[in-house]
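# Structural overview for review
As a plain string of letters, each chain reads:
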Amino acid sequence: MPRALITGVTGQDGQYLAQFLHDRGYEVFGLVKGQNNPRGTLLQEEFPFVDVVSGDLQDLPSLVAALEYAQPDEVYNLGAISFVALSFRQAELTANVTGLGVLRMLEAIRMVGGRENPTRFYQASSSEMFGKVRETPQNEQTPFYPRSPYGVAKVFGHDITINYRDSYGLYACSGLLFNHESPRRGVEFVTRKVTNAVARIKLGLQQELALGSLEPRRDWGFAGDYVKAMWLMLQQDEPDDYVVATGQTHSVRDFVELAFQAAGIDDWQRFVRLDERFLRPSEVDLLVGDASKARKVLGWEPTMSFPELVTTMVAHDLDVEQRKAEGRR
Ligand code: GDR
């Protein structure tokens, strides 16, 4: 039975990946930080097959211990301060977890990563590294220009992963993943914030939706498709880096409009208020990825279209909010 350790296992991607690997016969270990972390408890309820290991990307000895316990063939480093807006307010923490955390895990793998069967490493790199984009669409060769402490920390994580591959021959890959969403997305991110608000407005539970800007454009795919690309990267003969994206870009406005339409509301402008508290000190205006390499080498393709993604998320939130409201009655 192959063994995998996932950091960030309580997040959206961690959950999809845990299920994906379990379905393929893996023994799945998940690193969870903190004391009596409620997200760890929820994870155990929903994914009882995950063996929860306590540890923190800020604590190297805990990573060494987690590797000694799990003896993983594959490590997926999805743990991070991943909310870009928060990274401006907690920049040092972000550098420590999102940036240095990668270095600590790589060091831990060098120390105890298996001699005969070396541990393979996946690093969750991000389209945020492209930031103020130098070319469009963005591919593996596009230079980085990060626009947030989060993006800067991800560039460090990306480069140190390549450096450890070059220096020590580690099987280490970076996936440059563009935005990927699902009903499991946290409500701090714009897509889920919108679909959750649309559902609540539709059900009369909320009056308005406050957003920062409707202009930024993103390449939004489905998270379930993207975790498959992570796994494929670790199954190749040689480690490498890949852009994972749909190749299509839409504005926040497009997402909002489609989400309201999916709930049968056409005059969406009535409900949306712009609030500068949700603006960022510097913004990433446009992202669109060129995933030809992933398509060619990994045989990876996205399966869900943008409208399907939006309607799936709205339908899910309508269902959840309806059931919550009924429970209160
Ligand atoms: P992003 O995701 O920063 O692209 O990073 P997010 O959904 O937070 O923002 C997308 C765009 O929407 C704009 N926006 C708002 N965003 C939020 N959260 N709330 C608002 O009210 C709002 N109004 C407008 C944002 O300014 C931005 O332009 C995500 C994260 O998952 C990262 O961890 C990951 O690396 C990248 O995607 C790929």
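Throughout this description, residue numbers start from 1 for each chain and increase along the sequence as written. Totals for whole chains, interfaces and linings use all residues, but because this is a predicted model, local features are given only for residues with pLDDT of at least 70 and pairs of side-chain atoms are given and counted only at 80 or more. Side-chain metrics rest on all non-hydrogen atoms present in the structure, leaving aside hydrogens and water.

For the rest of this paragraph, the subject is the pairing of strand β6 (residues 172–177). Three labels apply to residues, based on accessible area from a 1.4 Å probe with only protein chains included: buried if under 20% of the type maximum, exposed if over 50%, partly exposed otherwise in between. What counts as a helix is a DSSP run of H or I of at least four residues, what counts as a strand is a run of E of at least two, and both are numbered from the N terminus. The buried count for β6 comes to six of six residues, which makes it a mostly enclosed element. In β6, alternate side chains face the same way, and those of A172, S174 and L176 on one face and C173, G175 and L177 on the other are all buried. Should DSSP find at least two bridges between two strands, the strands are taken to pair. In this structure, strand β5 (residues 120–126) lies alongside β6, joined through six bridges in parallel fashion. Paired with S125 across the bridge in β6 is L176. For the handedness criterion, the β-α-β arrangement of β5, helix α6 (residues 149–168) and β6 is classed as right-handed. Of the strand pairs in this sheet, β6 and strand β11 (residues 241–244) are connected by four bridges, and their pairing is parallel. Across the sheet, the residue bridging to S174 is D241, located in β11. Handedness of a crossover is defined as follows: with both strands directed away from the viewer, a clockwise route from the first strand across the helix to the second makes it right-handed.

So, on to the pattern of salt bridges. Between Lys or Arg on one side and Asp or Glu on the other, a salt bridge is scored when a side-chain nitrogen of the former is within 4 Å of a carboxyl oxygen of the latter. Applying the stated rule across the entire model yields 18 salt bridges. Of the charged contacts, one joins R218 and E128 as a salt bridge, the two residues approaching to 3.7 Å between their closest N and O atoms. Linking R218 in strand β9 (residues 217–218) with E128 in the loop between β5 and α6, this pair joins segments that are 90 residues apart in sequence. Of the two residues, R218 and E128, both sit in the buried class. Here R200 and E321 are joined by a salt bridge, their closest N and O atoms 3.0 Å apart. Within this pair, whereas R200 is found in helix α7 (residues 190–202), its partner E321 is found in helix α11 (residues 306–328), the two being separated by 121 residues in sequence.

Moving on, we come to helix α9 (residues 252–262). Residues of α9 that are buried include every one of V252, F255, V256, A259 and F260, and no others. The arc that holds every buried residue of α9, seen down its axis, measures 125°, which confines them to one face. Residue contacts are defined here by distance: any two heavy atoms, one from each residue, within 4.5 Å place the two residues in contact. On its buried face, α9 sits against α7, β8 (209–211), β12 (250–251), β13 (272–274) and α11. Phi turns positive one or two residues past the end of α9, at G264, with a value near 80°. Along the arc lie the directions from the helix axis toward the C-beta atoms.

Bringing the domain arrangement of the protein chain into the picture now. In terms of domains, the protein chain is made up of domain 1 (3–181 + 221–244) and domain 2 (190–218 + 249–285 + 305–328). Every contact between the two is made by 11 residues of domain 1 and, on the other side, nine residues of domain 2. Taken together, both faces of the contact between domain 1 and domain 2 bury some 920 Å²; the carbon and sulfur share is 59%. It is F88, R147 and E181 that lose the most area in domain 1 upon contact with domain 2, and together they represent 52% of the buried surface on that side. Between the two partners, domain 1 and domain 2, sit one salt bridge. Under this definition, polar contacts are N or O atom pairs within 3.5 Å; protein pairs additionally need one hydrogen-donor-capable and one acceptor-capable atom, and for neighbouring residues in sequence, both atoms have to be side-chain atoms. At the junction of domain 1 and domain 2, the tally comes to three residue pairs in polar contact (both at pLDDT 80 or more). Counting only elements with at least two residues in the side of domain 1 that touches domain 2, the list comes to α4 (84–89) and β10 (221–222). The element that contributes the greatest number of residues to the side of domain 1 that touches domain 2 is α4, accounting for three residues. Note that domain bounds follow an automatic or database assignment of domains. Two parts lose some accessible area (1.4 Å probe) when they are put together, and adding that loss for both gives the buried area.

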